[in-house]
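Here are the chains, one letter per residue:
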Amino acid sequence: RKEVEQDPGPFNVPEGATVAFNCTYSNSASQSFFWYRQDCRKEPKLLMSVYSSGNEDGRFTAQLNRASQYISLLIRDSKLSDSATYLCVVYLYNQGGKLIFGQGTELSVKP
Amino acid sequence: NAGVTQTPKFQVLKTGQSMTLQCAQDMNHNSMYWYRQDPGMGLRLIYYSASEGTTDKGEVPNGYNVSRLNKREFSLRLESAAPSQTSVYFCASSEGGTATGGYTFGSGTRLTVV
């Protein structure tokens, strides 16, 4: 079983739609959680951290459920520029402080 | 621009050839990492260096070696390239010992082994 699992998609949505991505992780010792964004053939870039209380950054909302080992990302009012692959990432302090990446969920926003 | 610089950006190797991927960061970060990315697999950690002078294996270290030359530079060596090592390789750095997720990635090296 992969340590971090995501639905690979692709998710094809129209502009203005709301879309949600889910992610599960297997290591209960995971300490911190993040969403990264990766544009086609480019390097990953940090989108936002994920906190147990939930957090927002503009149109993006991230949620964490430690009991269920589940992370989500909600994108409201989708823009064409949101088209990318979204990577769910966990930080494992007890393994030398490494980031473990999910395989990513591809999003395509259409006009 | 400040950040992580990887060279080369593209490389084609024949099976059995060797090469070294170079990575340098100018952010005074303590920790550096090498990942490979394959379709449907996400990024997988090959080796990492928590601080200058230390290196450790990641998830997929076989067939690779690394050198943390100094605080700025972390190189990845393929001693005898195999087609299974065809991939996109990303170097990253972070301040280390932090859970902020603030990894900075290089732009990647696209390696094809024929």
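What this report covers is the structure whose coordinates are included nearby. (Residues numbered from 1 in each chain as written. Chains lettered and ligands numbered in written order. Predicted model: local features only at pLDDT ≥ 70, side-chain atom pairs only at ≥ 80, totals over all residues. Heavy atoms only, no water.)

Residues and elements named next belong to chain B. The 4 strands are arranged β1-β3-β8-β7 in an open sheet whose pairing can be described as antiparallel. Each edge of the open sheet carries a strand with a single partner, namely β1 (4-7) and β7 (64-68). Going across the sheet, the axis of each strand differs from the next one's by a mean of 15°, ignoring polarity. Two strands pair when backbone bridges link them, and β1 and strand β3 (residues 19-25) are joined in this way by 4 bridges, in the antiparallel orientation. Bridge pairing in β3 places Thr5 opposite Ala24. (Pairing = 2+ DSSP bridges. Helix = DSSP H or I, 4+ residues; strand = E, 2+ residues; numbered from the N terminus. Axes fitted to C-alpha atoms, helices over the stretch in contact; angles between N-to-C directions.)

With that out of the way, let us pick up the packing of aromatic side chains. Applying the stated criterion to the full structure yields 13 aromatic pairs over all chains. A ring pair is formed by Phe11(A) and Phe21(A), whose centres lie 5.2 Å apart and whose planes are at 90°; its orientation type is edge-to-face. Taken together, the residues span a long stretch of sequence, with Phe11(A) in strand β2 (residues 11-14) and Phe21(A) in strand β3 (residues 19-25) at a distance of 10 residues. The structure contains a cluster of three or more aromatic residues connected by ring pairs, namely Tyr36(A), Phe101(A), Tyr33(B), Tyr35(B), Tyr48(B), Phe90(B), Tyr103(B) and Phe105(B). (Phe/Tyr/Trp six-rings, centres within 6.5 Å; stacked < 30°, edge-to-face > 60°.)

Residue and element names in this part refer to chain A. The 5 strands lie next to each other as β1-β3-β8-β7-β6, forming an open sheet whose pairing is antiparallel. A single partner strand is all that each edge strand has here, and the edge strands are β1 (4-6) and β6 (55-57). Shown here is a sheet whose adjacent strand axes are inclined to one another by a mean of 20°, direction ignored. Pairing of β6 with strand β7 (residues 60-65) involves 3 bridges; the strand directions are antiparallel.

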